Amino acid sequence: MAKRFDKKVVVITGGTDGIGLATAKAFAAEGAHVYVTGRRQERLEEALEEIANGAIGVQGDVSDPSDLDRLYARIKQDHGRVDVVFANAGISESAPIGGIEEDHFDRVFGINVKGTVFTVQKALPLMSAGGAVVLTGSGAGSKGFANLSVYSATKAAIRSFARTWTVDLKSRGIRVNVVSPGMVLTPAMQTYLQNNAGAEEWMKQAIPFGRLAETAEVAKAVLFLASDESSFVGGEELLVDGGFVAV
Ligand code: NAD
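Residues numbered from 1 in each chain as written. Predicted model: local features only at pLDDT ≥ 70, side-chain atom pairs only at ≥ 80, totals over all residues. Heavy atoms only, no water.

Enquirer: Explain the site of the ligand to me, please; I cannot follow it from the model alone.
Expert: Neighbouring the ligand are 26 residues; Thr16, Ile19, Asp61, Tyr151 and Gly182 lie closest to it. Asp17 places a polar main-chain atom, nitrogen or oxygen, 3.3 Å from an oxygen atom of the ligand. Between the ligand and Asp61 there is a distance of 2.8 Å, counted from a nitrogen atom to a side-chain nitrogen or oxygen. Protein chains bury 88% of the 820 Å² of accessible surface belonging to the ligand in isolation. The site holding the ligand turns out to be the largest pocket. (Near = heavy atom within 4 Å. Polar contact = N/O pair within 3.5 Å; in protein donor to acceptor, adjacent residues only side chain to side chain. Areas by Shrake-Rupley, 256 points an atom, 1.4 Å probe, with all protein chains shown as cover. 1 Å grid on protein atoms, 1.4 Å probe; cavity = no way out; pocket = protein on both sides within 12 Å on 5 of 7 lines; lining within 4 Å. Sits in = over half its atoms within 2 Å of the grid points.)

Enquirer: It is not clear to me how the layout of surface pockets should be interpreted in this structure. Could you clarify?
Expert: Where empty space is left becomes clear once a probe the size of a water molecule has been rolled over the atoms. Considered as a void within the structure, the largest pocket measures approximately 1600 Å³ in volume. Elements with a minimum of two residues in the lining of the largest pocket: α1 (18-29), β2 (33-38), α2 (41-51), α5 (149-168), α6 (187-195) and α7 (199-206). In terms of residue class, the lining of the largest pocket is made up of 23 nonpolar, 17 polar and eight charged. Counted as a void, the second largest pocket has a volume near 280 Å³. (Points joined across faces, edges and corners; volume = space filled by probe spheres on them. Helix = DSSP H or I, 4+ residues; strand = E, 2+ residues; numbered from the N terminus. Nonpolar A, V, L, I, M, F, W, Y, C, P; charged D, E, K, R; others polar.)

Enquirer: How should I be thinking about the packing of aromatic side chains in this particular structure?
Expert: For any pair of aromatic rings, the description rests on two quantities: the centre-to-centre distance and the angle between the ring planes. Summed over the entire model, instances satisfying the criterion amount to four aromatic pairs. The interplanar angle of 15 degrees and the centroid separation of 4.5 Å between the aromatic rings of Phe105 and Phe109 together place this pair among those described as stacked. With a gap of four residues between them, Phe105 and Phe109 both fall in helix α4 (residues 102-121), about one helical turn apart. By relative accessible area, which is 37% here, Phe105 ends up partly exposed. A ring pair is formed by Phe161 and Trp165, whose centres lie 4.5 Å apart and whose planes are at 0 degrees; its orientation type is stacked. With Phe161 and Trp165 both in helix α5 and four residues apart, the pair spans about one turn of that helix. Since its relative accessible area comes to 17%, Phe161 is described here as buried. The ring of Phe244 has Lys143 sitting right over it, with the charged end atom 4.9 Å from the ring centre. (Phe/Tyr/Trp six-rings, centres within 6.5 Å; stacked < 30°, edge-to-face > 60°. Buried < 20%, exposed > 50% of the residue type's maximum accessible area, 1.4 Å probe, protein only. Lys NZ or Arg CZ within 6 Å of the ring centre and 35° of its normal.)

This is how it looks when you write it as structure tokens:
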């Protein structure tokens, strides 16, 4: 049976850990030519072993446009096209209003917002009709959590990009959607839960499904939004949060 992403060229930023890594594995298992980025070369190499299936890593920081130029130059040379962009790299840092430092603001907006804009914009010359862009938002973009105003605002911006870019790109036949995880059991989340007594119980009480998500569950939603199965879905936000925001 043909694989769902056979020979499709798929770019995943922040593909060395957590949601990006799980998604890279899922695309690779479905036959895609997967390109992942991450900041640390050593971790990138470990991730490539996990993803397997010929995945390629290009070290780089999404907040540095020249690193993105290197990424797309490599893909242009290898395949001459991009079919799917999963703009996933992002960081979460907290600071209460009254204590927001300029470098916190610049770092979180630089990676989450500027990084997303140029990850997508620089892919466009290599994309054609039928292409799909999936952005990583967050339930935090629709809710108020203490001390998370800057992070949450970056995710609200991402939700907004999907609306406008859907209009901007309609003549090109490129679809743009957002996947918004809630609380996901990534390695970083596991460390957070170990260091913050009571956090896991609070989350389980707050999430209607009574548990956190597995990274593979977010990956399944990304593959849906990137595939032809969602051919008439555009500018949408797909919450993968066990009902946390919607209920
Ligand atoms: P993670 O920390 O486990 O992985 C993030 C990945 O992004 C890593 O591969 C890291 O190397 C990479 N990365 C970070 N900054 C980068 C940069 N400047 N350039 C290139 N790569 C960079 O995180 P995760 O939890 O899997 O998060 C992935 C996305 O999901 C983020 O956008 C995050 O905001 C979002 N998200 C996560 C959760 C959650 O519960 N884990 C919830 C909602 C949204």
